[in-house]
Amino acid sequence: MAVLDPTIAAVHRDADRPSVLAILHDWVVTVDHKRLGLMYIASGLVFFLVAGSEAAIMRIQLALPNNHFVSPQVFNRMMTLHGTTMVFFVGMPILLGFANYLVPLMVGARDMAFPRLNAFSFWMSLFGACLLYFSFLGAEGLYGGGTAPDVGWFAYAPLTARAFSRGNSTDYWTLSLLVSGIGSIGTAVNLLATTLCLRCPGMTLGKMPLFVWLNFVVACMILIVISPLTAAQIMLTLDRFLGAHFFDTQAGGSAVLWQHFFWIFGHPEVYVLILPGFAFASEIIPVFSRKVIFGYPFMVAASVSIGFISLGVWAHHMFTVGMTPAGNTFFAVSTMIVGVPTGIKVFNWLATIWGGKIRFATPMLFCIGFLFQFLCAGLTGIMLSVAPFDWQLSDSYFVVAHFHYVLIGGLLFTIFGAIYYWFPKATGRRLDETLGRWHFWLFVVGFNLTFAPLHFAGMIGMPRRIYTYQPGRGFELWNQLASAGVVFQAAAIVFFLWNVVRSLVRGAPAGADPWDAWTLEWSTSSPPPPYNFETLPVVRSRRPLWDLKHPDDPDWRYE
Amino acid sequence: MRGAGAAALLAIIGAAAVAIAGDDTTRTSSIFAPVSAPADAVVTAAMLVLAITAGIFVVVGSLLTYGVVRFRQPPDDDGSEPPQVYGSEQIELAWTVIPILIVVVLCLVTARTVYDVQGATRPPGAVDVTVVGHQWWWEIRYPALGIVTANELHVPVSDPANRTPTFLALESADVAHSFWVPRLAGKTDVIPNRRNTMWIEPRETGLFLGQCAEYCGTQHAHMLLRVYVHPRAEFDAWVARQREPAVADASGAAGRHVFETTACINCHTVRGTVATGRFGPDLTHLMSRDTLVAGAAPMTPEALRDWIANPDHVKPGALMPAMQLGATELDQLVAYLVTLR
Amino acid sequence: MSAPSAIAGTPAWTLPARGRVGIGGLILAESAVFAIFVAAYVFYVGKSLSGPTPKEVLDLPVVVSILLWSSSLTIHVAVRALRGGAVQSFTLWWLVTILLGAAFLAGTGAEWHRLIYQDGLTIRTNLFGTTFYSLVGLHAAHVIVGLVLLTIVLILALGGHVTRAHAERADTLSLYWHFVDAVWLVVFLVVYVGAR
């Protein structure tokens, strides 16, 4: 029986099987980036199920007009928790978990730059999530949704003021994000320092895998953009508890100021979410096309550009707020411009596939799905960037459809691809390909069935964040289709979870390099030893393992 | 699988066309069925954007599909690696320049439409309306005409030769809302301590639906809007009726007494009586409206009775308190309110 | 830190020190927080509906500012001493730095006392009060955190646990302190000079 982690075997070599308590203790006190990475991903997946259930509740309520499945109070809490959880307690942890696991391995290091800070960051992040969900136990308790926040994930002022948001539900929102934000900043500092300071000899910045580059850009972005949210939340808390007037319109404060601060965080945040998705795609697509990534320097330049430009587009979330024509035009233009490097990346992935020998293993299936769906997402994004068009589409289901195409059709698909790709490395076992196909196809059907119709619901006037709608507006068909899609998505997730559990116990053993890949993590055992590498590698090109496997035709001749 | 996908896509587009056109029982509020100048401007810009994005979708989508099919690993593959292509500066340049050119075109279209809509001048014949957003209803005031109503906006149709658009000033009494009637104009947010303006210029008569489009709390979903566009004469007649003080019908005397001695007058105005409250909707001509409770209930005596007896039952979370009236008082009150034509 | 090259004939592999990069990242994040509070302050200048204006109640805090900025010099001297192995000198200049920082806090406290009890300006008085106390208070909070960290090091030094080998770490910590002083420069200019 293959051992999950050789550390345990090494430590308890001559003892009996370690007790559950001993194993638990090892995981709780660990500072090993690989274990922390796995805990990040596992906790992210748990909250994925929770937030997915919240979405299912909303879709059941919206399947019929004037439905009474849940009360408006419960629906609004589901709406708020779904968005908040998915962004902060599913997306960020899973992506930072992968970065945690892979960046040190890919740069040829033994661990992250600050292992204890790493552990601290993880536990802060998890504590924030628990704090948010603890809010269900306040006030009336679970029935009626307790004191879970109901102000939307973006908590616009002055709805969040004491006058309009009584009790502590909004404070749970604020504090849980403040706490987990500290965790995000810690991990970003770690990624920054690991990338700049711990690369193995020969790995110049120009020879790092694109995965490392993209997470490096993400780390820099996190350091710049989480702070505006932290600052705004401190301001909100001062308003609510000390009578400050930051967003108090009665005292001359500005509700729009909250929107500016929130979206200065919020827009780059969605790039923080999608860039690691690009990172997964940039590693998986070349390996399964059997070709080097096309245009590495341009991919790096495009990624860095996206990082920079995304800092200047935030007010495209505020086209309807009543900005001046100059303001609206500026942000429309900047938003269109950020689409250019993003498009360049899609073309480079396409060029990587072109002329290759594509193997349709499950990781590649998910990345191909990503390419098609992210194309749709990008195009609806261009539609939204045209400010006058946005005056109609903003705050409607069209926007909901757009960003779910980005985050599910784009990001989640690459996350699934990444799980199938790196699961063998982390566990020493392969996930089942047949179950993987069921997972993929069910999810493609379910996801598109849910979110494609919602574009049309938006275009015929259905606003978002409503707990019900009236018959005779034409919304019914699209909502029924959307709700039907949930069944397929749920089935897909069942296949996925079954695949994971089954493979952990009796998956086929995977060697060090089951996919015939080219980056450093595949040069060590599966799973890697705690110290990662016997001797620190020395590299000469972007694909060290390609050089080893093709000594007659190494990469460093062509880079 | 690909054929099935294409068929599904066509089916959806077909259904979309039907849904957008509407059938007999559906009153559409599609953004692609504009009847007013600002909404027209949006559709014009939108058509160009849709054409461009459709073109990009076809080109890139086809290349992706072709690439994924054509470059599959052959079943009899010898396991050798294909030629490794590291990049091409010319290609990178091409697919940087072409998108930039597309962006330039889109920028020009966007700027033109933005300045056209936001910079519109107000002709002398324009009607002025102030809309005040509340949780969860719309206060509608015609300052120059001395009219106050709720949730239903009446405007004259605009003749291009003699333009009579309606200019709206948007204010909020509490939190952020958004005024959205898709067939008439794009939405504009309604934000406290900030005065936004927008305009509509309907060229067709009829009833057009909309609703609040900025999450504003529990009953955001029931902040519906009804815009009635009238021929000029009809609009003037409506104005004249609305300007009159409340009808004093003897059949409602008992109910009027209940109204004026209960807390009703703290929140509601009935012009010509002692009721001058501003917190809730103006009830002077309540019966002239087609719906109750910002669209959450029909305008019938039964619905009115249910609402007053227990607002939370009709619109959970509504800020109107249950007035704890006995059955007789309730009947009398409703009998009074139905006289407020 | 640098690693000797494993391949003969190739240049040594030198990368930045992780402590410096780490503190740099933290400073970047903290700068963004302060930038937002400064933005709020600037946005609300002149928009208060009532109450005292900056011009009416703010005096240029020349003395405390000089004290704080001098502490940047003294901490620099301390670190240099430690690099040279002069632990006693390091300890002395480190202590002076802490005292200067504490004096700054005392001065801020005295100013706030006057503003609250004499001028009637609190965080809830008006927009100026809100943005002033939050910005200056956020800075003061960072000074307090800095003093706590510096004091921990002082205690270690007094116990004889700090040697020349720790000079890098002391330098990293001093970067945080310099950052706090730099933020005060911005606050001084935007709030106090801007009030005139």
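Keep in mind that what you see is a predicted model, and the values were worked out from it rather than measured.

What counts, and where the lines are drawn
- Residues numbered from 1 in each chain as written.
- Chains lettered and ligands numbered in written order.
- Predicted model: local features only at pLDDT ≥ 70, side-chain atom pairs only at ≥ 80, totals over all residues.
- Helix = DSSP H or I, 4+ residues; strand = E, 2+ residues; numbered from the N terminus.
- Rg over C-alpha atoms; globule rule 2.2 N^0.38 Å.
- Buried ≥ 20, exposed ≤ 12 C-beta atoms within 10 Å, placed from the backbone.
- Contact = placed C-beta atoms within 7 Å.
- Pairing = 2+ DSSP bridges.
- Axes fitted to C-alpha atoms, helices over the stretch in contact; angles between N-to-C directions.
- Nonpolar A, V, L, I, M, F, W, Y, C, P; charged D, E, K, R; others polar.
- Expected span 1.5 Å × (residues − 1).
- Parallel < 35°, antiparallel > 145°, perpendicular 65-115°, else oblique.
- Left-handed = near helix turned anticlockwise from the far one by under 90°.
- pLDDT = per-residue confidence, 0-100.

K.L.:
Report on the overall build of chain A, specifying residues and quantitative values.
P.N.:
Counting secondary structure elements, chain A contains 16 helices and zero strands. Since a compact globule built from 559 residues should have a radius of gyration of about 24 Å, the 23 Å found for chain A is in line with a globular shape. For chain A, the C-alpha atoms occupy an extent of roughly 70 × 55 × 45 Å along the three principal directions. Scored against the burial criterion, the 559 residues of chain A give a buried share of 67%. Expressed as a percentage of contacts within chain A between residues at least 6 apart in sequence, the contacts between residues at least 24 apart total 80%.

K.L.:
A description of the overall build of chain B should follow, citing residues and the corresponding values.
P.N.:
Of the regular secondary structure elements, chain B holds nine helices and twelve strands. A compact globule built from 341 residues would reach a C-alpha radius of gyration of about 20 Å, whereas chain B, at 27 Å, exceeds it by more than 25%. The burial tally for chain B puts 40% of its 341 residues in the buried class. Counted over contacts in chain B with a minimum sequence separation of 6, partners at least 24 positions apart contribute 66%.

K.L.:
Break down the sheet that holds strand 8 (residues 196-200) of chain B for me, with residues and values.
P.N.:
Residue and element names in this part refer to chain B. Within the open sheet, the five strands sit side by side as 3-2-1-5-8. Their pairing is mixed. The open sheet has two free edges, formed respectively by strand 3 (147-150) and strand 8, since each of these has just one partner strand. When the angles between neighbouring strand axes are averaged without regard to direction, this sheet yields 25°. Across five bridges, strand 1 (residues 127-134) lies against strand 2 (residues 137-142) in antiparallel orientation. Counterpart to Val131 in the pairing with strand 2 is Ile140.

K.L.:
An account of the interface of chain C and chain A is requested, with residue identities and associated values reported.
P.N.:
Each partner contributes to the interface: chain C provides 30 residues, whereas chain A provides 32 residues. Contributing elements (two or more residues each) for the side of chain C that touches chain A: helix 1 (18-44) and helix 5 (127-158) of chain C. It is helix 1 of chain C that contributes the most residues to the side of chain C that touches chain A, 13 residues altogether. Residues belonging to the side of chain C that touches chain A are distributed by class as follows: 20 nonpolar, seven polar and three charged.

K.L.:
So what's going on with the interface of chain B and chain A? Residues and values would help.
P.N.:
With 84 residues of chain B in contact, the opposing surface of chain A contributes 77 residues. Taken together, the elements giving at least two residues each to the side of chain B that touches chain A come down to helix 1 (2-21), helix 2 (37-70), helix 3 (89-118), strand 6 (177-180), strand 7 (188-190) and strand 9 (206-212) of chain B. The leading source of residues in the side of chain B that touches chain A is helix 3 of chain B, at 16 residues. Considering only residue class, the side of chain B that touches chain A consists of 46 nonpolar, 28 polar and ten charged.

K.L.:
Could you give an account of helix 5 (residues 115-134) of chain A, naming the residues involved and the relevant values?
P.N.:
All names here are of chain A. Along its 20 residues, helix 5 runs 29 Å from first to last C-alpha, staying within 8% of the 28 Å computed at 1.5 Å per residue. For helix 5, every residue scored as buried is listed here: Asn118, Ala119, Ser121, Phe122, Met124, Ser125, Leu126, Gly128, Ala129 and Leu132. Lining the buried residues of helix 5 we find helix 3 (33-62), helix 4 (72-107) and helix 6 (169-197).

K.L.:
Just give me the short version of the sheet that holds strand 10 (residues 224-230) of chain B, but keep the residues and values in it.
P.N.:
Note on sheets: strands pair through backbone hydrogen bonds, and any given pair is parallel or antiparallel. All names here are of chain B. Ordered in space as 4-10-9-6-7, the five strands form an open sheet in which the pairing is mixed. The outermost strands of the open sheet, each flanked by one partner alone, are strand 4 (152-156) and strand 7. Pairwise comparison of adjacent strand axes, ignoring direction, gives a mean angle of 25° for this sheet. With five bridges connecting them, strand 4 and strand 10 associate as parallel partners. Across the sheet, Glu152 pairs through a bridge with Arg226, a residue of strand 10. The sheet contacts of helix 4 (residues 232-243) involve strand 4 and strand 10, and relative to strand 4 the element is tilted by about 135°.

K.L.:
I'd like a rundown of the arrangement of the chains, residues and numbers included.
P.N.:
Of all two pairs of chains that touch, the greatest number of contacts is found between chains A and B. Nowhere do chain B and chain C come into contact; their C-alpha atoms are at least 12 Å apart.

K.L.:
Help me get a handle on the environment of Gln73(B), residues and values and all.
P.N.:
Along the polypeptide, Gln73(B) turns up in the loop between helix 2 and helix 3. If sequence neighbours within four positions are ignored, Gln73(B) has contacts with Lys357(A), Ile358(A) and Arg359(A).

K.L.:
How would you summarise the pairing of strand 9 of chain B if you had to cite specific residues and measurements?
P.N.:
Where a strand is regular, its side chains alternate between the two sheet faces. Residues and elements named next belong to chain B. Counting buried positions along strand 9 yields five of seven residues, so the element is predominantly enclosed. Inspection of the sheet shows strand 6 paired to strand 9 by two bridges, in the antiparallel sense. Within strand 9, the residue paired with Trp180 across the bridge is Gln211. One ladder, built from six bridges, connects strand 9 with strand 10; its direction is antiparallel. Its bridge partner lying in strand 10, Gly210 is registered against Leu225.

K.L.:
Lay out the environment of Pro341(A) in plain terms, naming residues and giving numbers.
P.N.:
Residues and elements named next belong to chain A. Along the polypeptide, Pro341 turns up in helix 10 (residues 325-353). C-alpha separation for the pair Pro341 and Ile306, spaced 35 residues apart in sequence, amounts to 6.4 Å. Not counting residues up to four positions away in its chain, the partners in contact with Pro341 are Ala302, Ser305 and Ile306.

K.L.:
Kindly report on helix 1 of chain C, identifying the contributing residues and their values.
P.N.:
For helix 1 of chain C, which comprises 27 residues, the first-to-last C-alpha distance of 39 Å matches the rise-based estimate of 39 Å (1.5 Å per residue) to within 8%. One or two residues past the end of helix 1 of chain C sits Gly46(C), with phi positive at roughly 80°.

K.L.:
How would you summarise the packing of helix 1 of chain C against helix 6 (residues 167-193) of chain C if you had to cite specific residues and measurements?
P.N.:
To characterise two packed helices, one gives the angle between the axes of the helices and the distance between these axes. Residues and elements named next belong to chain C. Close contact between helix 1 and helix 6 brings their axes to 10 Å; oriented N to C, the two are set at 15°. By the angle between their directions, the pair helix 1 and helix 6 is classed as roughly parallel. Helix 1 and helix 6 meet at a crossing whose hand is right-handed. Between helix 1, through Gly19, Arg20, Ile23, Ile27, Glu30, Phe34, Val38, Tyr41 and Val42, and helix 6, the contact on the second element is made entirely by Glu168, Arg169, Thr172, Leu175, Tyr176, Phe179, Val183, Val186, Val190 and Val191. Per-class residue counts for the contact of helix 1 with helix 6 are 13 nonpolar, two polar and four charged.

K.L.:
Describe unusual backbone geometry, and please don't skip the residues or the numbers.
P.N.:
Following Ser526(A), the chain continues into Pro527(A) via a peptide bond in cis, with omega recorded as -5°. Here Pro527(A) is to be found in the loop between helix 15 (476-506) and helix 16 (544-549). A cis geometry characterises the amide bond from Gln135(B) onward to Trp136(B), with omega recorded as -5°. For Trp136(B), the location among the structural elements is in the loop between strand 1 and strand 2. Backbone geometry at Val293(B) places phi at a positive 55°, although glycine is not the residue there. In this fold, Val293(B) is placed in the loop between strand 11 (291-292) and strand 12 (297-298). For Gln324(B), which is not glycine, the phi dihedral falls at a positive 55°. Within the secondary structure layout, Gln324(B) lies in the loop between helix 8 (311-314) and helix 9 (327-337). Here Gln324(B) falls in the exposed class, since 9 other C-beta atoms lie within 10 Å of it.

K.L.:
Can you break down the packing of helix 3 of chain A against helix 4 of chain A residue by residue, with the values?
P.N.:
Residue and element names in this part refer to chain A. It is at 7 Å that the axes of helix 3 and helix 4 come closest, and there the two elements cross at 155°. Relative to helix 4, the element helix 3 lies roughly antiparallel. When the axes of helix 3 and helix 4 are compared, the crossing they make is left-handed. When grouped by side-chain class, the residues that make up the contact of helix 3 with helix 4 number 24 nonpolar, nine polar and two charged.

K.L.:
Run through the confidence of the model for chain B, naming residues and quoting values.
P.N.:
For chain B, mean pLDDT is 93; residues scoring 70 or higher make up 93% of the total. What the predictor reports for the complex is a pTM of 0.94 with an ipTM of 0.94.

K.L.:
Can you lay out the environment of Met323(A) for me, pointing to particular residues and giving the numbers?
P.N.:
Residue and element names in this part refer to chain A. Its location among the elements puts Met323 in the loop between helix 9 (296-309) and helix 10. Separated by 67 residues in sequence, Met323 and Val256 place their C-alpha atoms 10.0 Å apart. Once residues within four sequence positions are removed from consideration, Met323 is found in contact with Ala315, Met318 and Asn328.

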